[in-house]
Amino acid sequence: MELYHEITPEGFGIAIEEDKHLFSDKSPYQTVDVFHSRAFGNVLTLDGLMMVTERDEFFYHELIVHIPMLTHKNPENILVIGGGDGGTVREILKHKSVKHIDMVEIDKMVVDVSKKFFPTVSNELDNPKVSVLIQDAIEFIKNKENIYDIVLIDSTDPIGPGEGLFNEGFYNNVKRALKKGGIVVPQTEGPFGQSDNMKKTYKLLNKVFKYVAPYCSPMPTYPGGYWSWGFCSNDVEPPLDYTKIDEKRADEISKTSKIYNREYHSSVFRVPNFVKELAKG
Ligand code: SAM
């Protein structure tokens, strides 16, 4: 029995029993692996780091999508940066207001492998409302202005191809690509396992956006089992009061969600003191 393990920069991590290694190859950007496990089903890793498992992916995708989508009054035009597994796109398409999604993923191999080994995650990537653009998002975003209602940065960690996605210049370009009332949510790493990455990220976000608020939720297979996302906007305040969230829309989404419900929407912003410290940047 092989044992997959990931150790965080802080010296601890996770281990998963691997039944069968299903895929391994090097793309121009990273090493892509897929293995099957009794505990989590199929598992995708990039450069040996955990990305997606069939069993717990909803913990991540429901949080990066439904918090900003249901806070925005009428989200139509959406940009996903990274997200090659398709889980973020799948959740966005649950929102009836969506007219179009651009998903800008640098690595075609991640998309192809996700279509083959993660059918319940990648099942909406061929939806006619979705454009899958295989390119570096750092270049893609440079000439975009006033286009998107929501930008979701579903990236890898700030290393390799993902490093430039945790950068002040990049965040300023994302800000310019937003329409009035627009919201940006980057994944902002694990408060307990990657606290340095998180602190550096909020230092940049606080420089670029008027409103910045971390929200956190459990994520079983990510370092520390606890993850964070940053609610960022220049016009929209973080949704600390769930009674302001559109009840009908929220309840509609909650029906097909395993985590998301309206009360949970604002509770995830009630973060512990050590997270508040990290988010001061
Ligand atoms: N949810 C996962 C996490 O939080 O670790 C991320 C999932 S998704 C697979 C991350 C994607 O970001 C990868 O497929 C990777 O290829 C893509 N990516 C990394 N750097 C990129 C860049 N500069 N432009 C576009 N996509 C990028």
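Higher on the page you've got the structure.
Residues numbered from 1 in each chain as written. Predicted model: local features only at pLDDT ≥ 70, side-chain atom pairs only at ≥ 80, totals over all residues. Heavy atoms only, no water.

A. Focus on the nonpolar core. Val-89, Ile-92, Ile-101, Tyr-215 and Trp-229 are the most contacted members of the largest nonpolar core, which totals 45 residues. The element contributing the most residues to this core is helix α1 (residues 57–71), with eight residues. Once you skip the residues sitting within four places of it in the chain, Val-89 turns out to touch Val-80, Ile-101, Met-103, Glu-124, Leu-125 and Val-130. Formed by 29 residues, the second largest nonpolar core is a distinct cluster that contains Met-198, Leu-204, Leu-205 and Val-208. (Core = buried A, V, L, I, M, F, W, Y, C linked by side-chain atoms within 4.5 Å. Buried < 20%, exposed > 50% of the residue type's maximum accessible area, 1.4 Å probe, protein only. Helix = DSSP H or I, 4+ residues; strand = E, 2+ residues; numbered from the N terminus. Contact = heavy atoms within 4.5 Å.)

B. Structural detail: the pairing of strand β3 (residues 20–26). In this sheet, strand β4 (residues 31–37) lies alongside β3 in antiparallel orientation, the contact comprising six bridges. The partner of His-21 across the bridge, within β4, is Phe-35. Turn length for the β3-β4 hairpin, with the two strands adjacent in sequence and antiparallel, is four residues. (Pairing = 2+ DSSP bridges.)

C. Broad picture of the site of the ligand. Near the ligand lie 24 residues; those nearest to it are Gln-30, Glu-105, Asp-136, Ala-137 and Tyr-222. Considering the ligand on its own, with 590 Å² of exposed area, one finds that the protein chains cover 99% of that surface. Among the detected pockets, the ligand sits in the largest cavity. Those elements that place two or more of their residues in the shell around the ligand are β8 (100–105) and α5 (137–140). When the residues that make up the shell around the ligand are grouped by side-chain class, the tally is 11 nonpolar, eight polar and five charged. (Near = heavy atom within 4 Å. Areas by Shrake-Rupley, 256 points an atom, 1.4 Å probe, with all protein chains shown as cover. 1 Å grid on protein atoms, 1.4 Å probe; cavity = no way out; pocket = protein on both sides within 12 Å on 5 of 7 lines; lining within 4 Å. Sits in = over half its atoms within 2 Å of the grid points. Nonpolar A, V, L, I, M, F, W, Y, C, P; charged D, E, K, R; others polar.)

D. Up close: the layout of surface pockets. Taken as a whole, the largest pocket holds about 240 Å³ of empty space. Thr-71, Lys-73, Pro-239, Lys-244 and Ile-245 are the residues nearest the centre of the largest pocket, which is lined by 14 residues in total. In terms of residue class, the lining of the largest pocket is made up of six nonpolar, two polar and six charged. (Points joined across faces, edges and corners; volume = space filled by probe spheres on them.)

E. Representation of unusual backbone geometry within the structure. The phi angle at Asp-47 is positive, at roughly 50°, despite the residue not being glycine. Residue placement: Asp-47 occurs in the loop between β5 (41–46) and β6 (49–53). On the accessibility criterion, Asp-47 (45% relative accessible area) is partly exposed. With a phi close to 75°, Glu-189 is a non-glycine residue in the positive phi region. Tracing the sequence through the fold places Glu-189 in the loop between β11 (178–186) and α7 (195–208).

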